[in-house]
Amino acid sequence: MKRLLAWLMSGVVLAGLLVTLLLPGAALAAERRNEIDDKLAESVGKVDLNNASVRRFQQYPGMYPTLAGKIVLGGPYDSVDDVLELDLTDRQRELFNKYKENFTVTPPAIALNEGFDRINDGVYR
């Protein structure tokens with residue numbers, strides 16, 4: 001009886017391995033992709049003004065945290081130039097214009113804009 005049970009269990013394990021090998025890996029990866037991954041992929045290396053957290057502006061000297069906070073709180077935007085309608089100092093306008101080519105605007109996603117995550121996304125050095 002023990003041998004029969006062992007043979008059956010090994011058959012089940014072997015069948016599971018075969019099914020796993022027959023499924024294409026890309027199909028499994030595509031199923032795990034979610035809406036937020038797609039939204040983040042839209043910006044293609046640029047900072048999305050409607051969906052980025054304040055920390056994404058750290059790579060631009062002078063923008064973090066003050067100007068970045070104004071930009072994040074001032075949205076949503078229809079275009080990158082809408083940021084210039086905010087109450088900015090001359091220096092902030094100059095900084096924004098300096099890095100303007102590094103920004104993009106996509107429609108806001110609720111999952112990226114909930115709560116205070118855009119101000120404090122919990123990522124610490």
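Residues numbered from 1 in each chain as written. Predicted model: local features only at pLDDT ≥ 70, side-chain atom pairs only at ≥ 80, totals over all residues. Heavy atoms only, no water.

- The name an unreviewed UniProt entry assigns to the chain is Photosystem II extrinsic protein U, from the organism Cyanobium gracile.
- Looking at the Sequence similarities (unreviewed entry) heading of the UniProt record, one finds this comment for the chain: "Belongs to the PsbU family." (UniProt positions renumbered as here; feature names shortened; annotations may be inferred.)

1. Considering the overall build of the chain
Here's step 1: The helix and strand tally for the chain stands at six helices and two strands.
Here's step 2: Reading the secondary structure of the chain in the N-to-C direction produces α-α-α-β-α-α-β-α.
Here's step 3: Long-range pairs, those at least 24 residues apart, make up 61% of the contacts in the chain with a sequence separation of at least 6.
Here's step 4: For the chain, the accessible surface area stands at approximately 9,000 Å², while carbon and sulfur atoms represent 60% of it. (Helix = DSSP H or I, 4+ residues; strand = E, 2+ residues; numbered from the N terminus. Contact = heavy atoms within 4.5 Å. Areas by Shrake-Rupley, 256 points an atom, 1.4 Å probe, with all protein chains shown as cover.)

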